[in-house]
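Next come the chains, spelled out residue by residue.
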Amino acid sequence: MAPAAFPCFAGLCIVLLSLRPILGEAQPVFACDVANNPGLKNLSFCDQSLDLQARVSDLVSRLTLPEKIGWLVNAAKGVPRLGIPNYEWWSEALHGVSNVGPGTRFTSLVPGATSFPQVILTAATFNESLFHTIGKVVSTEARAMHNVGLAGLTYWSPNVNIFRDPRWGRGQETPGEDPILSSKYGAAYVRGLQQSDDGDKEKLKVAACCKHYTAYDVTQQDMDDTFQPPFKSCVIDGDVASVMCSYNQVNGKPTCGDPDLLDGVIRGQWKLNGYIVSDCDSLHEMFNAQKYTKTPEETAALAVNSGLDLNCGTFLSDNAQKAVDRGLLNETTIDKAVSNNFATMMRLGFFDGNPTNQLYGKLGPKDVCTPENQNLAREVARQGIVLLKNSPGSLPLSSASIKSLTVIGPNANATHTMLGNYEGIPCKYTTPLQGLTASTATLYHPGCADTSCATAQVDAAKKVVASADAVVLVMGSDQSIERESLDRVNITLPGQQQLLVSEVASVSKGPVILVIMSGGGMDVQFAKEDPKITSILWVGFPGEAGGAAIADVIFGAYNPSGRLPMTWYPESYADTVDMTDMHMRPNPATGFPGRSYRFYKGPTVFSFGDGLSYTTFSHELVAAPKVVSLALEEGHECLSSECKSIEAVEERCENLAFDIHLRVKNVGEMRGGHTVLLFSSPPQLHNAPQKQLVGFQKMHIEAGGEGVARFDVDVCKHLSVVDENGKRKVGLGDHLLHVGSLKHSLTLRV
């Protein structure tokens, strides 16, 4: 983190610095310290009674060009003569406050923060209110750490990229493969992070950032119906304070140097209220690796002229002045960029004086890792865990009847592995072994030296399970198998893990539960088909309380309700599909099978939305229309001639919505959560998806009880498709709505 800087007036800087060894790390970083520097109260940008734009304009007008350029990079340079300290923009909060970015650190004052499950497992909860709640807790802990000088106010999270290929190492960071789920996750998490508890919509609790905008070389159709929706939702529904452009090119243009994607879409169409930041070293890549421009100054000018406000790295601080000197970049454009940056900082209260005197001023170390926050981390993991197979008499285990439990596997006693990447330091760990041992006596053997499992310790593991009443095998991957900059080559269990699982199962006398800890899906068809393997659980990277949550599910203290947020493909998919083929839709001419449940029609190990329960739920349609008519303006061509689809334009779509009510009954013997997934299969026009998610709802129903799931279906938003030119169209004809085995036909007509 950049060293703290303090305003210097008449020697006051020396006084403050002399106090630092006494105060230790208990000093937040902020501007406009009027209490200690009374002269600052005459500066309009420090006057909280003025409107935001007036304050920003006043500040920018007082800065020299080099001072402005100092605020175009993440390690922003303070302006001591105006009482403005250095500020580090780069902090991370993907699933808890993280020390991956230089803006945040842990010390003895705050040694750790609540580490929630990695995002892919949180997405499996399909619980929109939970996404929001997590964000709210993370931002509270961030503010508490900020008040003692350990954290910033700008967090470059969430990651709302689509989990396009099962081998992608960063899929774990995302909400999965579906644009609707990703959109709802992104917007809800952002609102949880950002919304001020006093209801002031202009203020920010912390500033979130949706990344990495947006895709690779894709068709306009795939861009608009798959990759762009989560970012659009972040900005429009979540009112996110920042969007991060990625380092790569989209159809030949660097994202961070594309005025159409930045100024045109993010600011122009979506009306971003905030700043656009580059992915780290994007501009360096643009010049040095992609060689898109001839000089560094041209790269700097292209980025800022395209709408970039902040550079993660030093490229702009190194080259912006030279770009101005060469006439490639004017100061007015730089003013616009730094104005966006300063406006964000003002919304955060950075220019309102000491944060300990503001809304969140009472927060401190006592508010980090609270019992309530740690319990929430456990609850999120419980709601996300997905039961994929369960033979009769297998799960849940009874602690009364299971007197000896053997726990096997390289992830059985995992600690750090449970966190996933972009992690912080957790409050504490509960490993799977610790969680299970709390319920019954256990014997443990790792079975492999590590997750790569070059040589499985089969004989030793088989001896340990010989007398056990039940066996839990905790297998899967870790960050040595899948992470940023490390994609998987195959999608089977690593090394000899499969051999270990099969051999242990073959000699077990009771239930055998396979627990898969991973970010991406695994081809475990062998386990699905093996009758000796009685249950399969996917637990993602379940966070600091993962072991407790796994034990809660295995021993029936919690009824699993998670659903897969991504398709689990067979290994043959990875063997035959080029990872760099960015298309979503299948291509019969080349044999390309397509991607995700929306377009892929081949065999799967498990499908998007799969997930079992210890109880049984039934669905009954209560209310849904059979016909919906679209009103067209007089003289529209589709009134006089047959049309297969019509364009979903605003004036045509107003008030074009209907309700669907479903009665959901728990007809089993155990209380449980239930995820209601409403899908639509549109008419097969414009290479439409074979089915697409309309909405989802999480319900908790007592045994024998019932509830009603209500969906507000917007025809143009939920039942439309994107045509080959990127235009959103509503298909006329029959649409099939389905929830589980329940199906309802709906006709759209003019």
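The structure displayed is predicted, hence computed values, not measured ones. (Residues numbered from 1 in each chain as written. Predicted model: local features only at pLDDT ≥ 70, side-chain atom pairs only at ≥ 80, totals over all residues. Heavy atoms only, no water.)

## Considering the sheet that holds strand 24 (residues 742-749)
Paired through their backbone hydrogen bonds, the strands of a sheet run either parallel or antiparallel.
Thought 1: With mixed pairing, five strands are arranged side by side in an open sheet as 15-24-23-18-19. In this open sheet, the two edge strands, each paired with only one partner strand, are strand 15 (627-629) and strand 19 (692-701). Across the sheet, the axes of successive neighbouring strands diverge by a mean angle of 20°, strand direction being ignored.
Thought 2: Bridge count between strand 18 (residues 672-681) and strand 23 (residues 733-739): three bridges; the pairing is antiparallel. (Pairing = 2+ DSSP bridges. Helix = DSSP H or I, 4+ residues; strand = E, 2+ residues; numbered from the N terminus. Axes fitted to C-alpha atoms, helices over the stretch in contact; angles between N-to-C directions.)

## Observations concerning the state of the cysteines
Thought 1: Going through the model one piece at a time under the given rule, you end up with eight disulfides.
Thought 2: Residue pairing for Cys32: its cysteine sulfur links by disulfide to Cys46, the two sulfurs lying 2.0 Å apart. Between Cys32 and Cys46 the disulfide shows an S-S torsion of about -80°. By sign, it is left-handed. Placement of Cys32 in the loop between helix 1 (12-23) and helix 2 (52-62) and of Cys46 in the loop between helix 1 and helix 2 is noted, with a sequence separation of 14 residues between them.
Thought 3: Look at Cys46 and you get buried, because its relative accessible area is 10%.
Thought 4: Between the sulfur of Cys369 and that of Cys427 lies a disulfide, 2.0 Å long from S to S. Taking the sign of the S-S torsion, -90° for the link of Cys369 and Cys427, the bridge is left-handed. Placement of Cys369 in the loop between helix 13 (331-347) and helix 14 (371-384) and of Cys427 in the loop between strand 9 (405-408) and helix 15 (432-437) is noted, with a sequence separation of 58 residues between them.
Thought 5: For Cys427, a relative accessible area of 24% gives the class partly exposed.
Thought 6: You can see Cys209 has no disulfide; the closest cysteine sulfur is in Cys210, sitting 6.9 Å from it. (Disulfide = S-S within 2.5 Å. Buried < 20%, exposed > 50% of the residue type's maximum accessible area, 1.4 Å probe, protein only.)

## Examining the sheet that holds strand 9
Thought 1: The strand order 8-13-12-11-9-10 describes an open sheet built from six strands, whose pairing is mixed. Whereas interior strands pair on both sides, the edge strands pair on one side only; in this sheet they are strand 8 (386-390) and strand 10 (442-445). Between one strand axis and the next, the sheet turns by 15° as a mean value, whatever way the strands run.
Thought 2: Sheet analysis places strand 8 next to strand 13 (residues 535-538), joined by four bridges and oriented antiparallel. When the sheet's bridge partners are listed, Leu387 is paired in strand 13 with Leu537.

## Details of the pattern of salt bridges
Oppositely charged side chains can form a pair if their charged atoms are brought close together.
Thought 1: For the structure shown, the criterion picks out 33 salt bridges.
Thought 2: Its salt-bridge partner being Arg598, residue Asp225 comes within 3.5 Å of it at the nearest N-O pair. Of this pair, Asp225 sits in helix 7 (residues 220-227) while Arg598 sits in helix 21 (residues 596-599), and the two are 373 residues apart along the sequence.
Thought 3: Among the residues examined, Asp225 registers a relative accessible area of 7% and is labelled buried. (Salt bridge = Lys/Arg side-chain N within 4 Å of Asp/Glu carboxyl O.)

## Things to note about the UniProt feature "domain: Fibronectin type III-like" (unreviewed entry) in the chain
Thought 1: Those places that UniProt annotates as "domain: Fibronectin type III-like" (unreviewed entry) correspond, in this numbering, to residues 674-743.
Thought 2: Each end of residues 674-743 is marked by a C-alpha atom, and these two atoms are 18 Å apart; helix forms 6% of the span and strand 61%. (UniProt positions renumbered as here; feature names shortened; annotations may be inferred.)

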